[in-house]
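# Summary of structural features
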Amino acid sequence: MDKTLKKFNKESVPYIKVDALNGMNHVVLLDAREKEEYEVSHLKNAIWVGAKTFDLDSVVPKIEDKNTEIIVYCSIGVRSENIGEKLMDAGYPNVKNLYGGIFEWKNEGHAVYNPEGNETEKVHAFNKHWGKLLKKGEKVYGAADGGP
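Residues numbered from 1 in each chain as written. Predicted model: local features only at pLDDT ≥ 70, side-chain atom pairs only at ≥ 80, totals over all residues. Heavy atoms only, no water.

### Focus: the sheet that holds strand S2 (residues 27-31)
Here is the rule: Criterion used throughout: strands pair if DSSP finds at least two bridges between them. Strands are runs of DSSP state E lasting at least 2 residues, helices are runs of H or I lasting at least 4, and numbering of each runs from the N terminus. Any two residues having at least one pair of non-hydrogen atoms within 4.5 Å are treated as being in contact. Under this scheme, a helix contributes an axis fitted over its contacting stretch, all axes are lines through C-alpha atoms, and angles between N-to-C directions fall in the 0 to 180 degree range.
Pairing is parallel in the open sheet, where five strands are placed in the order S1-S5-S4-S2-S3. Across the chains shown, the open sheet's two edge strands, defined by having one partner strand only, are strand S1 (15-16) and strand S3 (47-48). In this structure, S2 lies alongside S3, joined through two bridges in parallel fashion. From the neighbouring strand, Leu30 faces S3, where its bridge partner is Ile47. Helix-sheet contacts for helix H5 (residues 79-89) involve S2, strand S4 (69-73) and strand S5 (95-98), and the interaxial angle to S4 is about 150°.

### Some points on the packing of aromatic side chains
For the record, the criterion: For Phe, Tyr and Trp, rings pair up if their centres lie within 6.5 Å, where Trp contributes its six-membered ring, and each pair is then called stacked (planes under 30 degrees apart), edge-to-face (over 60) or tilted (otherwise). Geometrically, a lysine NZ or arginine CZ counts as sitting over a ring once it is within 6 Å of the ring centre and also within 35 degrees of the ring normal.
Under the counting rule described, the total for this entry stands at two aromatic pairs. Look at Phe8 and Trp130: their rings are 5.4 Å apart centre to centre, the planes differ by 65°, and that puts the pair in the edge-to-face class. Residue Phe8 is found in helix H1 (residues 2-8), and its partner Trp130 is found in helix H7 (residues 128-131); the two are separated by 122 residues along the sequence. Ring centres of Tyr15 and Tyr99 lie 5.0 Å apart, and the angle between their planes is 85°; this geometry places the pair in the edge-to-face category. Within this pair, whereas Tyr15 is found in strand S1, its partner Tyr99 is found in the loop between S5 and helix H6 (101-107), the two being separated by 84 residues in sequence. One Lys or Arg, Lys17, reaches over the ring of Tyr99 and ends 3.9 Å from the middle of that ring. Lying across the ring of Tyr92, Lys66 places its NZ or CZ 5.0 Å from the centre.

### Topic: the environment of Glu85
Just so we agree on the cut-off: Pairs of N or O atoms within 3.5 Å make up the polar contacts considered here, provided that, within protein, one atom can donate a hydrogen while the other can accept it, and that residues adjacent in sequence are counted only when both atoms are side-chain atoms.
Among the secondary structure elements, Glu85 is positioned in helix H5. In this structure, the C-alpha to C-alpha distance between Glu85 and Glu11, residues 74 residues apart in sequence, is 10.0 Å. With residues up to four places along the chain from it excluded, the contact list for Glu85 reads Lys10, Ser12 and Val13. A polar contact is formed between the side chain of Glu85 and the side chain of Ser12, at a distance of 2.4 Å.

### Quick look at the pattern of salt bridges
Quick note on the threshold: The salt bridge criterion pairs a side-chain nitrogen of Lys or Arg with a carboxyl oxygen of Asp or Glu, the two atoms within 4 Å. Under the scheme applied here, a residue whose accessible area is under 20% of the maximum for its type counts as buried, over 50% as exposed, and between as partly exposed, the area being computed with a 1.4 Å probe on protein chains only.
In the structure shown here, the tally under the stated rule is five salt bridges. Between Lys10 and Glu85 there is a salt bridge, with its nearest N and O atoms 3.0 Å apart. You can see Lys10 sitting in the loop between H1 and S1 and its partner Glu85 sitting in helix H5, a full 75 residues away along the chain. Two residues, Arg79 and Glu37, come together in a salt bridge whose shortest N-O distance is 2.8 Å. Here Glu37 lies in helix H3 (residues 35-40) and Arg79 lies in helix H5, a separation of 42 residues in the sequence. Like Glu37, Arg79 is buried.

Okay, structure coming up:
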């Protein structure tokens with residue numbers, strides 16, 4: 001994970017490690033993956049914002065207090081860095097990028113949830129290449145139902 005993140009990220013958004021996030025209250029979690037990935041599973045109470053379709057104007061009304069602690073995540077932390085930069089540029093000073101994303105969250109044994117709010121072992125692994133970084137849980141590729 002370290003090598004991959006160093007290769008693809010600029011570290012322009014401060015990281016927060018999984019163990020530091022676990023148990024934190026009063027944070028807003030933003031999921032910067034594609035909708036299909038979010039619908040397989042996500043962190044509890046995470047708000048889907050997407051990456052390609054990210055729209056700052058749709059996020060601002062959900063986070064009126066600019067001093068709110070915001071944690072952005074994706075599969076491993078690359079797409080979430082881009083969204084974090086946009087939020088910081090928009091005046092949100094307390095934005096952090098979840099180091100290792102949902103993959104690291106699950107690898108460390110934490111729960112993820114399906115759209116119905118039920119705990120699940122399924123995690124969208126993005127593709128076979130990136131999926132190698134997901135060590136725990138049930139990898140899903142393709143559509144949210146697990147199909148191609």
